[in-house]
Structures are given as structure tokens and as C-alpha cells.
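Architecture at a glance
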Amino acid sequence: MRPVRSFTKTADKVFTMVTGLCASSPIVFLVVIALMVLVQAIPTLRLMGWKFITQTEWNFGSLYGTMQHIHGVMVPAGATYGALVFIVGTLASSVIAIVIAVPISILTAVILAYQVRGRLQLSLSILVELLAGIPSVIFGLWGMVVLAPWMQHSLGPLLIHIGTVIPYFKGPVGTGMGLLTSGIVLALMIVPIITATTRDLLQQVPTLYREGGLGVGMTTWEVVRLICLPYVKDGMVGAVALGWGRAMGETMAVLMVSGNATNHLPQNIYSPTATMASTIASKLDSALGDASKMGVHALAELALLLMVLTLFTNLLARWLVSRTGRGRRMRVKVSA
Amino acid sequence: MKDSRRRSRKVQTYIWWGVAWLATALVLFGLIDMVGSILVKGVTSFRFSMLVTLPHGFGGGLRNAILGTFELVIISIVFSAPLGILGGIYVSEFASHRVANGIRFLTEVLSGVPSIVIGYFGYLLMVLQWGWGFSPLAAGIALTIMMLPYILRNTDSSLTQVPLAQREGAWALGMTRFQAVSRVIWRPATNGILTGVLLAVAIGMGETAPLLYTAGWSTLDPKLSLLHQPIGYLTYVIWTYIDMPYDESHALAYSAAFLLVLVVLLIQVVLRLLVNRRAFGRN
Amino acid sequence: MSKMTKWMVGASAATVLVTVVGCGTANNASGNNSASGSNNTTSGSSQKVTLAETGSSLLYPLFNGEWIDAYKSVAPNVTMTAASTGSGQGQSDALAGNVQIGGSDAYYPDAIMSQHPEMLNIPMAISAQQVMYYLPTLSASTHLKLSADVLAKIYEGKITKWNDPAIQALNSGVKLPSLSITPVVRSDSSGDTFLFSSFLSAADSTFQPNTQESWPSVQAEVGAQGNDGVVSTMTKNKGSIGYVGISWLDQGTQAGLGYAALKNKDGNFVLPTSQDIQAAATNMPSTIPADERVSLIDMPGKDSYPIINFEYALVNSKQANSATATALKNFLNWAISPTGGNQSQYLNPVHFQPLPSNLEAASQAQISKIQG
């Protein structure tokens, strides 16, 4: 037998090291991003404390006035940073998106898993997943050009009739750009995530269980409702949480249809709103005009808050999915 | 009595299945409406001259944006493909169980970071602190951070699916781990790795938020310098020009959207076909 | 060759090929072979230079629509780009060195000037701002009379309908509809916001002059990006009101928007015609500071239009190299010259007024401070 050349052995060691370094790159990136955002957020943390989360007013201050010295940091006169409007906007628009998307996704997944087969199933599944690949700015474009006018002229006036029962639906429809429109656009974005995952999970329900249900006299729908859906409950909740995380972090689509409100909380479902992500995108140029740089730090704290929130949601999702033990079979690429 | 209950259950079943079909139709309608309206508006606005002219006045062409997107995607693939593929190899082949799970977990965390946060971080660190200004390199690195998790995860999962028997065979022949990977194990995983890279390219082309404050905007063709040079990209055209009250600006925005949707959809369809090639063949 | 090697060679060859082809087309088409600002060998005017401008959407139609094309024939070796990103972005990009010229309707605040004394605020022309509204029931020749006081109340949410007594009192004889008012504001950092808030602050101290105003909470208020965004948003919403730069006046009126006659310091209601803007300009303070940072809001005079301003080119006096500095100086001198950029053929389409002759010397003094 030929002895292994030392060159081959060193090549092996070098290869292992190089790939190890590459594998650690996501960790490096993650740590650097988290640290950078945290460090940049500290001045605002010192200035605002908890009021950052509870205050409605976001004011960059009188940029053309004099600076003040508060809590050990320099800020423009009158500057105060409260992110409550954006937090409410983020949560409200993603909750609306979930409320719209989850029933629709589950129903679609049921159809895709049980009612169609073969080529048709594959083609329809591909069509639904195509939605996941469309860039968010295209969603925003469609929302701005098609959905908002439709909301303003057709859907809004229709929904106002419900306003007699539910107070949130009352009130002027406004420009069509607002909470409900953002919610619909976000819903369309997260439908493919939830649908694809739920469909995969539903296909793994053992046929024996379903046949058993039919055997005791259940109708096909009752089999789905009483046997299949409870079986995939955990994984489904995980997919929903994943979709929620995606909805909260979405920037461009919301920026284009939300109406960019500041300093007031949404009164009804049509009010213009703003999310944390869209605010960071739209207010950075204002922050840069602040000589004390406090605006930049305030946006960094907003980014920190957003990151923590989405992180928490993603962790929750992962934990829920892994509990079923079938999480491994989840198709990796869908969680885009 | 039993009869009426059975009937009501039957009616309920029909109703629910109807509602389910309605939901599916709604989703498909949403997709078709969106893609359709973009395609229709795009086809009417698009001129082939837009591919080769620069933006001029309030309308013009898309050449700078196309070349810019191209350059940014190439820069980010150059960084993220080796990092992702080699990282995926490490996680599936060399790492211990705990380390592998840890890296997978943290990669998933990274992919959950909102794209605007990555863009803001890129602005703070590379554009401001390191003084690069708006630059293709800063934008490329921001895109790399977004693409990396997908390539790494796909490489990792496709390598994991290679049967153990093949590895054992390679080891039995006396190959070192490097030789085993480079000569035997990567072949069946080609599909998956390619999927990951294609997916990353599609994502990179469609991203806006990470590029807003790292790439800036330029109406000129990208030059060779990697620093201190703002660069244009397709998604910016869509976002900005649709807001202007001029028809030619809208035409430019729709054309950019049209191009983007065409290319991204093409990549996505190729992707799904690649993944489902076996399934398609079987049926 | 093993398959993997073949793949890698093929991929790298493809990448190289594509890059070369791409750069080749780029070079051929733009005719520019050097990265901007990296060539220090010659400082002659045949040096190819790129000057980038970004910022004010009020300046954009003049800069991009008129000046860039005209300057091509004056100095063909200089390539200019412009972008409409808002005055705030223009201020910060010029500060950070991302562009050579920051276009802004608002000069730098004191705080920034004390941190960055090398920045220059160079007025290039006089522009103005008008208040526009979308009320299709009014004829185009009717111009509502509005005052800073009424506008402040609208933007605070105290006046919510068009037929409010306060508005009716100023406009007797005009049939005002009972539509709700949708105030439109700029969501980006904007020089127009600075002008409008300066105008409002005279009547109501809730408003401070600011490029990014923290607008009071008003139920129906909508934010838009850029002057173009404001015009687009207004045309989609009946009953909307917004502040728009004068270079977008024609776009607005063609889309059906009307514009208001504003109450000036002397108490008269004045329209933004070029005579009335000129009247305000002639009444500006006789002593302008050397750094030319001055607000022209509410100038005295019975015909003076209240919201006028200088359009500033914000420039760093220390440029990257001498070629860029020379090109920049030449361009700015051309722009402020009455035989160059300040000719009526360029300014009239955007309703700007030329720089007063007594300011030319001051502007030229600032321009000469630019070094490379």
C-alpha cells in the first residue's frame, strides 16, 4: 500500500480550516451586526429609557435651533424619540396580515395536499411558491398602483357598512394607503410560506389515520378538520410565526402603501400608518441632518428593537416546529 | 333525526370544500393579478432601446440600472458562494453534531434579520465609519450577508442527503476527507448547491432595502472602481420613478418592474423544476 | 480534466468574459475611461470629470431638466448627474462627500456649520413655494386666499373641513365644498418643509423651521416622498392640501390642482407670479452675511410673495483633487452667471428668478474658496 503523502494530509487540514472559517462567517456577521446596532443605539437608550417604547411623539428636534444637554448627551432642542406609533404600526399590520393570510393559506394547503394530484398539484404548488420569490418592491408597486385605488374607491366604501358593528371599520376611507392596505399586501407576501409548509406537513399525515376517519363515517372535510389539522398543529403554528417574522421585517412594500404617518396612532383600519422597518428607510436622510448625530442613534435603537422582535418571533417559530420532530422535513428554501 | 344531522354534515362539508377552493382561487388570482398587471403595463411601456440608453430627464433608459444590478449580484456571489458552499461543506462533513446544530441555528437567525437592518448596519459601518462612501463593495457585502444563509443551508442540506454509503466507500478507498468531498461527495449534491446559488441570485436581484444606503444611486454606467462610487440598480428605478407625476417616469418604472419580474420568475421556475425534476419524471 | 475543474474553469471564464463585455460596453457608451477623481496627472480642462448632484426635488427640474443638457455644450468633458432625493439628503451627502454638489432649498443649520466650517452654501437662483389644493369644484381661475394662521390650524387638525368659517371668512363669495381636508406633508427630509414650517412659525410657534418637521397628529394626514410624490398624492385625493415647490407648479395645475394666494407680511394676498416674487426679492435685507445663509420668508412690501428662498448648492470647499475642483468652480460660475445658467430660457420653465446682481460678488467669493 502506498503511504499517504504528507502533502495530502496538510491539504486536508488546510481544507478543514478554510471551510471552518467560512462556516463561522454567518456567526461573525451576526455578531458584528448586533454589536454595531447595539453600540450605536446606546446614546438614545440613555436619553429616552423606557419612554422610547411608550411615547407616541417622534421629533428630530429643531435642527436649526440650539443644542441641549440632557442625560449626558447632546440633542437638538425639543428632540424626543418615541417609537410607539411604529411599534403599533408594525404589530397591527402584521396581525392583520396574519388574520387574513392564515385561514386562506390553510385552506389552500388543504386543497393542494388532498384535492389535486400529480402534475396539477406540482404546477399549482409552483405557482403559489412563485409568490414567495417576487421582490417586495414589486408588491409595493402593485399595492400602490392597483390595490390602494381599489381600496379607496371600492373595498373601503364596502367595508364602511361593517363599521356600524365594528368601530374600527368606521370612518373616512382616506387615500387608500393605510393599515388595511399594508395588511393585505403583507398577507399576500406570507401566504406562500404558510401554504407550502402546511401542505408539506399535511402530506405527512399517515394515510392510515385518514382512512380510519373515513372508516368511522366522517366526511372528507371532517377528516381534515378533526384529524389532519390537529395533527399538524404545532408545525403550522411554527410556520405562522415564521410568516409573522417576515411580515414584521418587511420594508419596501410597506413603505410604498402605508401612507407614512407620524406622531399619531391609527384610529381605524384605513388610517395611514408606519412600521419600524419603513421608518428606518424613510427617515435616515432626516437623521443625517442632525449635527448631534442623535437622530442616527435613535434610528439605530429602532433597528435594535426590530431585530430583537423578529429574532424572538423566529426563535419561537423554530422551537415550535422542532417540537413536532418533523421540522427537519420542512423544505429549507421556502422560509425565504 | 339522524338523517337530518347527516344531511347538515354533508352540506357543511360541501360548503367548506367550496370555501377552500375559493381561498385557493383567491391566492392564485392575487398572484395572477399582480404579475399580470406588471407584465401588461410593462409590455406597453417597454422599448428595447431602454436596454441600451441611460436615464435622461424624467425618463430614458435602464442601462445603468441593469449593469449596476449585474455588477452587484456578481460581487455578492463572488463573496457568498465560496463562503456558503465551503461553510455548508464544513457543517455537513466536518463539524461535530453540536457545532453543526449551533451553526445551523445561528444561520437561521441571520436570515431572519430584517433587510433594512442589514442595510443600516452596512451604512453605519462601511459607508460612514470606514469612509467608503456609497460603493459597489459596501452594497455587495450587504447583499452577501443576505444571500449567505440560503447558500449555506442549501449546500448543507443537500450534502446531508448524500447516502452514507458513498462516504464510506470513499473512506474505504483511503481518501482523506478533502479528497472524499472534492472527488465523490459533491456530485450528487450539485442540484442542491446550484439551487442555493440560483435562489441567492434571485434574492439579490430583487432586494432594495439593503442597497438604499449602501449603493446610493447613479444615472451613469458603473465604472470599475469598487469604492467611492454610487451605483444604480433596477429596484431603485421602480421605487423612485413611480412617484413622479410624469408618464415617461412611470414608463421607466414599469419597464424596470417588467424586466425584474421576468428574470426573477424565470430563475424561480428553473429552480423549482430543478428541485422537482425527479418528481416530474416519475409522474 | 475532472468535471469539477471543468466547471470551475468554465464559470470563471464566463465571469471574466461577461465582466469584460459589460465594462467594454460601458466604456464605449459613456466614453469615460477613468474612475472619477482618481486621475491627478493633468489639471487641464480636457480632463474628464464627473460631477454628481443630489438633493432638492424643488431644484431638480432646473438642474436635471435644463442645466445638465445646457452645460454639455459648454464643457463636454464634464459629465453631470442629478438625483431628486430631498434637500436633507442633499445636505448629508454633500457633507459626507458622497456627491460634489448638494442641492438644497435650506442652508446648513448653525450646528452643522460650526462642526464643518469648510462647507459652502452658494445661492444659485431664487425660487418660491406655493400651497396647492385639489378641489375640482373650483374653477382654475379661482385662487383661494389662505394665511399662515389658517394653514397652521389646518396642519394642527383644528380646521378639518374646507367650508370651515375661518377659511370662508378669507374667501367670501367662493362656494367652498364640505369636503374634509387631507393635509399632505413631506415624509422625507425636505427643504420645502423648511420653507413651509418657517412660514407657519410666524403665525404659530408649534411649528419650528425644520427640514424634518414633527407634524402634529392629524387624523387624515398623508406623507409623500418628494415634490413629485406630493403632486401625485394630491391628484388622487379630493380635498387635499399641500406645499409644493414652484418648479412643480405646472405639473400640478395640469393635473387639476389649484394654488392659493398667500397673505404676506403687509396683509395682502399675493399669488406666486414672477413680479411678486421679484418684489419680495428686491425687499430682501440689504446686508446679507458673507456665508449667504439667510431666510427670505415674509419679506416686507405690499406685493411681496411670502415664501421665497435661495436655491443653494452645498459644496465642500475641499474637493478630492484639482481637476474636480476646477470643473466644479467652472460649473458654479456658469450657473450663477446671467449669461450662463441664470438666463431666462432656463429659469422661466421652472418659474425661478435670477440671482440679484448684488449677490453675484458674494457668491463668486465663496466659489473661489473651492480647492482641490
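What counts and how
- Residues numbered from 1 in each chain as written.
- Chains lettered and ligands numbered in written order.
- Predicted model: local features only at pLDDT ≥ 70, side-chain atom pairs only at ≥ 80, totals over all residues.
- Heavy atoms only, no water.
- Helix = DSSP H or I, 4+ residues; strand = E, 2+ residues; numbered from the N terminus.
- Contact = heavy atoms within 4.5 Å.
- Areas by Shrake-Rupley, 256 points an atom, 1.4 Å probe, with all protein chains shown as cover.
- Buried area = accessible area lost by both parts, 1.4 Å probe.
- Salt bridge = Lys/Arg side-chain N within 4 Å of Asp/Glu carboxyl O.
- Polar contact = N/O pair within 3.5 Å; in protein donor to acceptor, adjacent residues only side chain to side chain.
- Nonpolar A, V, L, I, M, F, W, Y, C, P; charged D, E, K, R; others polar.
- Axes fitted to C-alpha atoms, helices over the stretch in contact; angles between N-to-C directions.
- Left-handed = near helix turned anticlockwise from the far one by under 90°.
- Core = buried A, V, L, I, M, F, W, Y, C linked by side-chain atoms within 4.5 Å.
- Buried < 20%, exposed > 50% of the residue type's maximum accessible area, 1.4 Å probe, protein only.
- Pairing = 2+ DSSP bridges.
- 1 Å grid on protein atoms, 1.4 Å probe; cavity = no way out; pocket = protein on both sides within 12 Å on 5 of 7 lines; lining within 4 Å.
- Points joined across faces, edges and corners; volume = space filled by probe spheres on them.
- Domains from an automatic or database assignment.
- Expected span 1.5 Å × (residues − 1).
- Bend = angle between axes of the 7 residues up to and from the residue.

Let's talk about the overall build of chain C
- The helix and strand tally for chain C stands at 13 helices and 12 strands.
- Sequence-distant contacts, at least 24 apart, represent 73% of the contacts inside chain C between residues at least 6 apart.
- Carbon together with sulfur atoms contributes 53% to the accessible area of chain C, which is approximately 13700 Å² in total.

So, the interface of chain B and chain A
- Taken residue by residue, the interface counts 86 residues in chain B and 85 residues in chain A.
- Overall, the association of chain B and chain A removes approximately 8200 Å² of surface from exposure, summing both partners, and the carbon and sulfur fraction of that is 78%.
- Across the chain B-chain A interface, the total number found is one salt bridge.
- One salt bridge connects glutamate 222 of chain A with arginine 9 of chain B, and the closest N-O pair in it is separated by 2.8 Å.
- Taken together, the links from chain B to chain A amount to nine residue pairs in polar contact (both at pLDDT 80 or more).
- If you tally residues by element for the side of chain B that touches chain A, the top one is helix H1 (residues 2-45) of chain B, at 20 residues.
- Its residues assigned to classes, the side of chain B that touches chain A comprises 57 nonpolar, 21 polar and eight charged.

Some details on the interface of chain C and chain A
- Taken together, the contacts link 33 residues of chain C with 28 residues of chain A.
- Of the roughly 2500 Å² buried between chain C and chain A, counting both surfaces, carbon and sulfur atoms make up 48%.
- If you sort the residues of chain C by the area they bury against chain A, Gln212, Ser214 and Gln219 of chain C come out on top, with a joint share of 22%.
- Taken together, chain C and chain A are joined by zero salt bridges.
- Run the count over chain C and chain A and you get 10 residue pairs in polar contact (both at pLDDT 80 or more).
- Here the residues of the side of chain C that touches chain A are counted per class, giving 11 nonpolar, 19 polar and three charged.

Topic: the packing of helix H7 (residues 207-215) of chain A against helix H8 (residues 220-231) of chain A
All names here are of chain A.
- Their axes nearest at 9 Å, the elements H7 and H8 cross at an angle of 140°. In this structure, H7 crosses over H8, and the sense of that crossing is right-handed. Only Thr220, Val223, Ile227, Cys228 and Tyr231 of H8 make contact with H7, whose side of the interface consists of Tyr209, Arg210, Gly213 and Leu214.

Thoughts on the nonpolar core
- Counting 293 residues, the largest nonpolar core has Trp58, Tyr81 and Ile138 of chain A together with Leu151, Ile241, Phe331 and Leu332 of chain C as the members making the most contacts within it.
- If you tally residues by element for this core, the top one is helix H3 (residues 84-115) of chain A, at 18 residues.
- The next biggest cluster of nonpolar side chains, apart from the first, holds 18 residues, and it includes Phe15 of chain A together with Ala100, Leu152 and Ala170 of chain B.

Some details on the sheet that holds strand E11 (residues 269-270) of chain C
Residues and elements named next belong to chain C.
- One open sheet holds the three strands; their spatial order is E5-E10-E11, and the pairing between them is mixed. Sheet topology places strand E5 (145-146) and E11 at the edges, where each strand pairs with a single neighbour.
- Summarising the sheet, strand E10 (residues 261-263) and E11 pair through two bridges and their orientation is antiparallel. Of the residues in E11, the one forming a bridge with leucine 262 is valine 270.

A few points about empty space enclosed by the protein
- A full pass over the atoms with the stated rule returns 11 cavities of 30 Å³ or more.
- The computed volume of the second largest cavity comes to approximately 230 Å³.
- Lining the second largest cavity are 17 residues, with Met177, Met256 and Asn260 of chain A, Asp243 of chain B together with Gly223 of chain C positioned closest to its centre.
- When residues of the lining of the second largest cavity are traced back to their parent elements, those giving at least two are helix H10 (252-257) of chain A together with strand E7 (222-224) and helix H8 (226-235) of chain C.

Structural notes on the domain arrangement of chain B
Residues and elements named next belong to chain B.
- When cut into domains, chain B gives domain 1 (1-45) and domain 2 (49-282).
- Computed over C-alpha atoms, the centres of domain 1 and domain 2 are 35 Å apart.
- Listed by partner, the interface residues are seven residues for domain 1 and nine residues for domain 2.
- Sorting the residues of domain 1 by area buried against domain 2 places Ile38, Leu39 and Ser45 first, and these three jointly supply 57% of that buried surface.
- Linking domain 1 with domain 2 are zero salt bridges, by the criterion used here.
- Summed over the shared surface of domain 1 and domain 2, the result is zero residue pairs in polar contact (both at pLDDT 80 or more).
- Residues that form the side of domain 1 that touches domain 2 fall into these classes: four nonpolar, two polar and one charged.

With respect to the environment of glutamine 152 of chain A
- Within the fold, glutamine 152 of chain A resides in helix H5 (residues 136-160).
- For the pair formed by glutamine 152 of chain A and valine 173 of chain A, sequence separation is 21 residues and the distance between their alpha carbons is 6.2 Å.
- Those residues in contact with glutamine 152 of chain A that sit more than four places away from it in its chain are Pro157, Val173, Gly174, Thr175 and Gly176 of chain A together with Lys236 and Asn237 of chain C.

Description of the pattern of salt bridges
- Evaluation of the coordinates by the stated rule reveals 16 salt bridges over all chains.
- Two residues, glutamate 129 of chain A and arginine 199 of chain A, come together in a salt bridge whose shortest N-O distance is 3.5 Å. Of this pair, glutamate 129 of chain A sits in helix H4 (residues 118-133) while arginine 199 of chain A sits in helix H6 (residues 179-203), and the two are 70 residues apart along the sequence.
- Look at glutamate 129 of chain A and you get buried, because its relative accessible area is 5%.
- Take arginine 199 of chain A: its relative accessible area is 5%, and that puts it in the buried class.
- The salt bridge partner of arginine 186 of chain C is aspartate 188 of chain C, with a shortest N-O separation of 3.0 Å. Summarising the burial analysis for this pair, arginine 186 of chain C and aspartate 188 of chain C share the class buried.
- Salt bridges linked by common partners bring Glu129, Arg199 and Asp200 of chain A together as one network.

Concerning helix H11 (residues 276-288) of chain A
Residue and element names in this part refer to chain A.
- Over its 13 residues, H11 extends 18 Å from the first C-alpha to the last, a length consistent with the 18 Å expected when each residue adds 1.5 Å.
- Bending of H11 peaks at approximately 45° at the position of serine 282.
- With 13 of its 13 residues buried, H11 lies for the most part within the structure.

Points about the pairing of strand E6 (residues 182-186) of chain C
All names here are of chain C.
- Of all the five residues making up E6, five are buried; the element is thus mostly covered by neighbouring parts of the structure.
- Of the two faces of E6, both are covered, the one formed by Thr182, Val184 and Arg186 as well as the one formed by Pro183 and Val185.
- In terms of strand pairing, E6 meets strand E8 (residues 240-245) through three bridges, oriented parallel. Along E8, the bridge assignment pairs proline 183 with isoleucine 241.
- Two strands pair when backbone bridges link them, and E6 and E7 are joined in this way by three bridges, in the parallel orientation. Among the inter-strand pairings, arginine 186 is bridged to a residue of E7, identified as alanine 224.

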